[in-house]
Amino acid sequence: MAKNKKLLILAGDGIGPEVMRQVARVLDWFGKHRAISFDVQEGLVGGCSIDKHGVPLTDAVMADAMAADAVLLGAVGGPKWDSLPFEKKPERGLLRLRKDMALFANLRPALVFDALVDASSLKPDLVRGLDLMIVRELTGGVYFGSPRGIETLPDGTRRGVNTQVYTTPEIIRVARVAFELARQRRRKVCSVEKANVMESGVLWREEVSKLHAAEYKDVELSHMYADNCAMQLVRQPKQFDVIVTDNLFGDLLSDCAAMLTGSLGMLPSASLGAPDATGRRRALYEPVHGSAPDIAGKDLANPLATLLSVSMMLRYSFGLGEDADLMDKAAESVLAAGIRTGDIATAGTTKVGTTAMGDAVLKQLDRLAAA
């Protein structure tokens with residue numbers, strides 16, 4: 001890989017800087033041991049940007065994100081900024097990144113490591129070996145549709161309006177991502193909507209079916225209503241391989257699937273744009289967990305979701321599958337050795353903090369590289 005790949009790191013708020021420090025250590029390891037290096041820039045997003053610049057994301061940082069080959073983000077938000085107007089909240093910075101970078105496909109894996117089977121709230125036999133991927137449409141739907149807003153009616157009462165809207169191209173491009181991923185996995189896609197009560201759901205089902213018939217007959221396609229899918233995720237989650245769904249349902253279902261693994265602190269995510277003429281995609285990688293302000297600054301946070309996001313970056317942005325596998329195996333080996341942060345610690349395991357977990361991952365990378 002060329003040594004001038006541009007990486008923008010946005011640590012953000014809360015535990016973001018702590019987990020991102022472990023990322024810096026791992027990137028340094030890959031530079032020394034695997035000849036993989038990056039031109040790294042850092043910037044502000046979220047509450048820290050509001051404190052310094054008065055906005056959750058500056059135009060300059062947005063320009064850096066557009067020029068980067070990949071963006072790594074920690075977390076945004078916290079109670080400090082809860083009283084701000086909606087349009088100025090820290091989360092608006094993340095939404096702008098997604099929108100301006102046209103990151104339409106959010107990949108949220110739910111993978112249960114053997115060592116963490118007992119950490120799930122479900123019975124072990126339901127989650128042992130679980131490996132599913134949720135592909136969430138990220139730039140359309142009810143979160144971005146118009147009209148939207150809150151208005152005062154003639155009688156003095158108020159009305160809040162959000163619009164669920166999708167077009168054929170928006171549906172096809174995210175469905176194509178799901179089908180392509182399924183071809184690399186177990187060749188099963190479940191498309192999720194509410195076609196029984198929503199016209200946008202009818203369109204979604206029709207367009208996904210047309211694309212399947214035209215280009216992806218080698219992949220098994222099924223359809224499911226979103227409420228049933230939520231139930232099935234806690235009833236029989238291993239029936240799923242790849243789930244593709246809209247922005248709202250994807251938001252809800254991916255958090256539900258996350259808890260099947262035992263902790264939000266374990267799950268990475270990738271948000272991808274469309275490939276350009278050279279095959280390059282804009283991409284943002286971030287852990288699923290939030291900013292966890294209650295433990296921020298205490299060296300307690302689990303950095304594994306952020307480190308596994310690095311793995312996804314190596315795989316999807318740079319085509320370095322072997323190195324991504326190495327990162328995944330290092331994380332799995334640490335867990336198998338009984339090393340845990342507080343969110344996943346159980347009786348008989350060794351409880352460590354953020355930095356010590358980073359130490360353990362680096363030790364396993366050394367071991368695996370020498371094998």
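See above for the structure.
Just so it is clear, the model here is predicted, and its values are computed rather than measured.

1. What about unusual backbone geometry?
Here is step 1: Looking along the chain, the bond that leaves S146 and enters P147 is cis, with omega of 0 degrees.
Here is step 2: By the element assignment, P147 lies in the loop between β5 (131–137) and β6 (149–152).
Here is step 3: For A102, which is not a glycine, the phi torsion comes out positive at approximately 55 degrees.
Here is step 4: Note on placement: A102 falls in the loop between α4 (91–100) and β4 (105–111).
Here is step 5: The phi torsion at A292 lies on the positive side, around 45 degrees, for a residue other than glycine.
Here is step 6: Summarising the element assignment, A292 is placed in the loop between β12 (283–287) and α10 (304–316).

2. Thoughts on the layout of surface pockets
Here is step 1: For the largest pocket, the calculated volume is near 580 Å³.
Here is step 2: Here the element with the most residues in the lining of the largest pocket is α4; it accounts for 5 residues.
Here is step 3: Size it by volume and the second largest pocket reaches roughly 470 Å³.
Here is step 4: Lining the second largest pocket are 18 residues, with P109, M133, R315, Y316 and D328 sitting closest to its centre.
Here is step 5: Those elements giving two or more residues to the lining of the second largest pocket turn out to be β4, β5 and α10.
Here is step 6: Considering only residue class, the lining of the second largest pocket consists of 12 nonpolar, 2 polar and 4 charged.

3. Let's talk about the packing of aromatic side chains
Here is step 1: A complete count under the given rule lists 4 aromatic pairs for this structure.
Here is step 2: On the basis of an interplanar angle of 50 degrees and a centroid distance of 5.4 Å, the ring pair of F38 and F318 is categorised as tilted. Taken together, the residues F38 in strand β2 (residues 38–43) and F318 in the loop between α10 and α11 (321–336) connect sequence positions 280 residues apart.
Here is step 3: Residue classification places F38 among the buried positions, given a relative accessible area of 13%.
Here is step 4: Centroid distance Y166 to W204: 5.3 Å. Interplanar angle 75 degrees. Geometry classified as edge-to-face. Note that Y166 is positioned in the loop between β7 (158–161) and α6 (168–183) and W204 in helix α7 (residues 199–215), a separation of 38 residues in sequence.
Here is step 5: A residue is classified by how much of its surface remains accessible, and Y166, at 7% relative accessible area, is buried.
Here is step 6: Taking NZ or CZ as reference, K99 lies 4.6 Å from the ring centre of F144, over its face.

4. What about the packing of α6 against α7?
Here is step 1: At their nearest, the axes of α6 and α7 sit 9 Å apart, and the two run at 50 degrees to each other. Classified by the angle their axes make, α6 and α7 are oblique. Between α6 and α7 the crossing geometry is right-handed. Across the interface between the two elements, T168, I171, I172, V174, A175, R176, F179 and R183 from α6 touch L203, W204, E207, V208, L211, H212 and E215 from α7.
Here is step 2: For the contact of α6 with α7, the per-class residue count stands at 9 nonpolar, 2 polar and 4 charged.

5. Topic: the side chain of T245
Here is step 1: Mapped onto the secondary structure, T245 falls in strand β10 (residues 242–245).
Here is step 2: Of the residues examined, T245 reaches a relative accessible area of 0% and is grouped as buried.
Here is step 3: Within polar-contact distance, the side chain of T245 engages the backbone oxygen of V192 at 2.9 Å.
Here is step 4: Apart from the residues within four sequence positions on either side, T245 is in contact with V135, R136, E137, V192, W204 and G250.

6. A short note on the environment of G149
Here is step 1: Note on placement: G149 falls in strand β6.
Here is step 2: Residue classification places G149 among the partly exposed residues on the basis of a relative accessible area of 35%.
Here is step 3: Residues G149 and K329, 180 residues apart in the sequence, show an inter-C-alpha distance of 47 Å.
Here is step 4: Excluding anything up to four places from it in sequence, G149 contacts R159, G160 and V161.

About the cut-offs
Residues numbered from 1 in each chain as written. Predicted model: local features only at pLDDT ≥ 70, side-chain atom pairs only at ≥ 80, totals over all residues. Heavy atoms only, no water. Helix = DSSP H or I, 4+ residues; strand = E, 2+ residues; numbered from the N terminus. 1 Å grid on protein atoms, 1.4 Å probe; cavity = no way out; pocket = protein on both sides within 12 Å on 5 of 7 lines; lining within 4 Å. Points joined across faces, edges and corners; volume = space filled by probe spheres on them. Nonpolar A, V, L, I, M, F, W, Y, C, P; charged D, E, K, R; others polar. Phe/Tyr/Trp six-rings, centres within 6.5 Å; stacked < 30°, edge-to-face > 60°. Buried < 20%, exposed > 50% of the residue type's maximum accessible area, 1.4 Å probe, protein only. Lys NZ or Arg CZ within 6 Å of the ring centre and 35° of its normal. Axes fitted to C-alpha atoms, helices over the stretch in contact; angles between N-to-C directions. Parallel < 35°, antiparallel > 145°, perpendicular 65-115°, else oblique. Left-handed = near helix turned anticlockwise from the far one by under 90°. Contact = heavy atoms within 4.5 Å. Polar contact = N/O pair within 3.5 Å; in protein donor to acceptor, adjacent residues only side chain to side chain.

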